[in-house]
Amino acid sequence: MSESATLTESGAVKPSLWELIWTFNQIALASFGGGLSAWSREILVVEKHWMGEEEFLSASTMCRILPGANQINLAVFVGAKFGALPGAFAAVFGLTLIPVLIVLVLAILYFQFHDVPSLQKILHGAAAAAVALTLAMVVKTGRKCLHGPIPILLFLSTFILNGVLRWPLLLVLAIVAPLSLIWAWPRSKNK
Amino acid sequence: MLPEMHLRSVNEYHWLTDNQFADVFAISQAAPGPSILIVTLIGYKAAGVFGAFLATAAVIVPAGVLVYLVSRFWEHAARSPIRMAIEKGFAPLTVGLVLATAYVLGRSTDRDWRSYLLTAVCAAVFIFTKVNPLIVVAAAGLMGFLGWLG
């Protein structure tokens, strides 16, 4: 891509379509056992510096609110940010192509043999680590944005309502999101 | 989304049995990539390889179009107060959602004290060291394979 070195607003390098495909493929393959959101952050924010922390977090919440699968939505969102429509296609293609093939092979194996025991054992271990990566993401991102009582309160109430009480996401957001926006609105007295 | 999927594919169309749905769910959670690829598995059972690709495309495209439009609006709104408020305000909320995800996932995947311990140790490694997470996940998978997790 000729424009692969232009600067975006945040000062990061603008990735080419190939880089989008390759990066999202990397994210997808790293996430065996789960933890795709944590891997997305690990690679997009920490490793590549394509997005800032707050930009990534807000994008991932919007992608959860919108219908569809949040992880694929995030690929569309990030791909579109860097490469408009072709970028969105590239990111989704990178994220899904190899995993679809893997899942397809697993499906064929599963419906032929009805069990994949050693696979399940491996996944049991990998899933425990994936949970850990997600927890680590909470700590790392929390350090940066949970300063002061209000953000901590917003964080805790979202966690308790959605995680512990299992209220539906949209209901939780209908309650917490307006409060968050009032708190964060740039014209309000906290700046 | 998942309960609805279960209702349609098991109870209404009888593409899979209840047990198969549970297994297919486990496979899609653990396999690399988006967990929504459970639809690829269901599509495969319903109509073979073609069904698998069709189901995958069907779950990606409609929502994708909507997200694309929103992302275009988002770029145009670069310096607007609404975007600034969302970026700042949604950060704590998102961290809460991520913790909720970890909590729910942990309760379903960590079955006994050994897996809880493994999760705790891995989390400490991720937080306090710069070891490539992939190595840690692979090592944890190996421990599972060797039967150390029961």
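Below is a short write-up of the structure.

## Examining the nonpolar core
Counting 101 residues, the largest nonpolar core has Phe24(A), Leu44(A), Phe56(A), Val24(B) and Phe126(B) as its most contacted members. By residue number, the principal contributor to this core is helix H4 (residues 70–113) of chain A, which donates 20 residues. Once residues lying within four places of it in the same chain are set aside, the contact partners of Phe126(B) are Ala129(A), Ala132(A), Leu133(A), Ala136(A), Lys140(A), Pro133(B), Val136(B) and Val137(B).

## What to know about the side chain of Thr158(A)
Counting through the fold element by element, Thr158(A) comes out in helix H6 (residues 149–164). Overall, the relative accessible area of 0% leaves Thr158(A) in the buried class.

## Thoughts on the packing of helix H1 (residues 2–12) of chain B against helix H3 (residues 38–76) of chain B
Residue and element names in this part refer to chain B. The geometry of H1 relative to H3 is characterised by a closest axis approach of 12 Å and an angle of 5° between their N-to-C directions. By the criterion of interaxial angle, the relationship of H1 to H3 is roughly parallel. Between H1, through Leu2, Met5 and Ser9, and H3, the contact on the second element is made entirely by Ile38, Val39 and Ile42. In the contact of H1 with H3, the residues fall into 5 nonpolar, 1 polar and no charged.

## Notes on the interface of chain A and chain B
Buried accessible area, meaning the area lost when the parts come together, often serves as the stated size of an interface. In this complex, chain A contributes 93 residues to the contact, which on the side of chain B involves 85 residues. Summed over both partners, the interface of chain A with chain B comes to about 8,000 Å²; 79% of that surface belongs to carbon and sulfur atoms. Counting across the chain A and chain B interface gives 1 salt bridge. Among the salt bridges present, the one from Arg83(B) reaches Glu55(A), with a minimum N-O distance of 3.6 Å. Scanning the region where chain A abuts chain B turns up 10 residue pairs in polar contact (both at pLDDT 80 or more). When contributions to the side of chain A that touches chain B are tallied by element, the ones reaching two or more residues are helix H1 (17–30), helix H2 (36–47), helix H3 (53–65), H4, helix H5 (117–145), H6 and helix H7 (169–184) of chain A.

How each quantity is defined
- Residues numbered from 1 in each chain as written.
- Chains lettered and ligands numbered in written order.
- Predicted model: local features only at pLDDT ≥ 70, side-chain atom pairs only at ≥ 80, totals over all residues.
- Heavy atoms only, no water.
- Core = buried A, V, L, I, M, F, W, Y, C linked by side-chain atoms within 4.5 Å.
- Buried < 20%, exposed > 50% of the residue type's maximum accessible area, 1.4 Å probe, protein only.
- Helix = DSSP H or I, 4+ residues; strand = E, 2+ residues; numbered from the N terminus.
- Contact = heavy atoms within 4.5 Å.
- Axes fitted to C-alpha atoms, helices over the stretch in contact; angles between N-to-C directions.
- Parallel < 35°, antiparallel > 145°, perpendicular 65-115°, else oblique.
- Nonpolar A, V, L, I, M, F, W, Y, C, P; charged D, E, K, R; others polar.
- Buried area = accessible area lost by both parts, 1.4 Å probe.
- Salt bridge = Lys/Arg side-chain N within 4 Å of Asp/Glu carboxyl O.
- Polar contact = N/O pair within 3.5 Å; in protein donor to acceptor, adjacent residues only side chain to side chain.

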